[in-house]
Amino acid sequence: MRLTPVTWERLTEAVADRVVGLEPDDGGERPRIAVDGAPAARPGALGEALAEALRLRGRPVVRVRAETYWRPASQRYEAGRRDPDAYYERWLDTGALWREVFGPLAPGGTGRVLPSLWDPATDRATRAAYEELPPGGVLLLEGALLQGYGFPFDLCVHLRMSRAALARRTPEEERWTLPAYARYEDEAAPGEAADILVHTDDPRHPAWTG
């Protein structure tokens, strides 16, 4: 695999240009983009920059953070508050994402997307308003452990970190999640499955291929 050094600014512009030229494989009218990475890789930062770049290119954007589609705490913590297997397998409410995000963006869908469902900090519904994504608009789903569910992404950007770098940059109180990311690498092979792979061990000097 040949990796090319790049700045975050150049990476954002290159990804935005690629998104603008996308036509969904299933005949839909609204490209669905994943920015997949552990919190330490800051997928939300790239998502924010990409959303701005797309809007400057005349494309409406709806951003969805995966953690706002986590299940309620009573379901997440059934096996304990720090169970990495539960974090990997059951925290994300995939059914809700299909119903509220991907279903409306399928061919013939309404384009009416719910940008958030559940606030994991307050453990309450966000009561967010639906957003209308017109034809040509772009969905950005940002967060961790997004591949392997069969979500119909038209483009996936995976922010990869080595296990050593991920351990260094993950706060102590969140290091119990590290085995989940190791499982993800082993079972879902996100770097191989993604359309664009970005190595982020040194956040100042990313390198990419795709």
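Residues numbered from 1 in each chain as written. Predicted model: local features only at pLDDT ≥ 70, side-chain atom pairs only at ≥ 80, totals over all residues. Heavy atoms only, no water.

How should the sheet that holds strand S1 (residues 4-5) be read in this particular structure?
With mixed pairing, the seven strands of this open sheet are ordered in space as S1-S11-S10-S9-S2-S8-S3. Each edge of the open sheet is held by one strand with a lone partner, namely S1 and strand S3 (61-65). Here strand S2 (residues 32-37) runs beside strand S9 (residues 155-160); their pairing, made up of five bridges, is parallel. Opposite Gly37, over in S9, you have Leu159 as the bridge partner. Each of S2, S3, strand S8 (138-143) and S9 touches helix H2 (residues 43-56); the most contacted strand, S8, lies at about 165 degrees to it. Sitting on the sheet, helix H5 (residues 94-102) is in contact with S2, S3 and S8, with an inclination near 155 degrees to S8. (Pairing = 2+ DSSP bridges. Helix = DSSP H or I, 4+ residues; strand = E, 2+ residues; numbered from the N terminus. Contact = heavy atoms within 4.5 Å. Axes fitted to C-alpha atoms, helices over the stretch in contact; angles between N-to-C directions.)

What is the right way to read the packing of aromatic side chains from this model?
Aromatic ring pairs are described here by two measures, namely the spacing of the ring centres and the angle between the planes. Applying the stated criterion across every chain yields a total of 14 aromatic pairs. Consider the rings of Trp98 and Phe151, whose centres lie 5.5 Å apart with planes at 55 degrees: the pair is tilted. In this pair, Trp98 sits in helix H5 while Phe151 sits in the loop between S8 and S9, placing the two residues 53 residues apart along the sequence. Each member of the aromatic cluster is reached from another via a ring pair, and the members are Trp70, Tyr77, Tyr87, Trp91, Trp176 and Tyr181. We note Arg76 situated over the ring of Tyr77; from NZ or CZ to the ring centre the distance is 5.1 Å. The lysine or arginine in question, Arg76, covers the ring of Trp91, its NZ or CZ lying 5.1 Å from the ring centre. (Phe/Tyr/Trp six-rings, centres within 6.5 Å; stacked < 30°, edge-to-face > 60°. Lys NZ or Arg CZ within 6 Å of the ring centre and 35° of its normal.)

I keep staring at the layout of surface pockets and nothing clicks. Help me out?
It is a probe the size of a water molecule, rolled over the atoms, that shows where empty space is left. When its volume is computed, the largest pocket comes out at roughly 470 Å³. As for the largest pocket, its lining consists of 26 residues, of which Pro39, Trp70, Tyr87, Trp91 and Tyr181 are closest to the centre. Looking at the lining of the largest pocket residue by residue, the class counts come to 16 nonpolar, four polar and six charged. (1 Å grid on protein atoms, 1.4 Å probe; cavity = no way out; pocket = protein on both sides within 12 Å on 5 of 7 lines; lining within 4 Å. Points joined across faces, edges and corners; volume = space filled by probe spheres on them. Nonpolar A, V, L, I, M, F, W, Y, C, P; charged D, E, K, R; others polar.)

Teacher, can you tell me more about the environment of Pro206 here?
Structurally, Pro206 is set in the loop between strand S10 (196-199) and strand S11 (207-209). In this structure Pro206 comes out as buried when scored by relative accessible area, which is 2%. (Buried < 20%, exposed > 50% of the residue type's maximum accessible area, 1.4 Å probe, protein only.)

How should the nonpolar core be read in this particular structure?
Burial of nonpolar side chains together is a common tendency in soluble globular proteins. In this structure, Val15 and Tyr87 are the most contacted members of the largest nonpolar core, which totals 39 residues. Here this core gets five residues from one element, more than from any other, and that element is H2. Setting aside anything within four residues of it in sequence, one finds Tyr87 in contact with Trp70, Ala144, Leu145, Trp176, Thr177, Ala180 and Tyr181. Ala66, Tyr69, Leu92 and Phe102 belong to the second largest nonpolar core, which has 21 residues in total. (Core = buried A, V, L, I, M, F, W, Y, C linked by side-chain atoms within 4.5 Å.)

What should I look at first to understand the pattern of salt bridges in this one?
One pass over the full model with this rule turns up 17 salt bridges. A salt bridge links Asp186 to Arg163; its shortest N-O distance comes to 2.8 Å. A residue pair is termed long-range when its members are at least 10 positions apart, and Asp186 in helix H7 (residues 178-188) and Arg163 in helix H6 (residues 163-169) qualify at 23 residues. Taking the relative accessible area as the measure of exposure, Asp186 reaches 58% and is therefore exposed. (Salt bridge = Lys/Arg side-chain N within 4 Å of Asp/Glu carboxyl O.)

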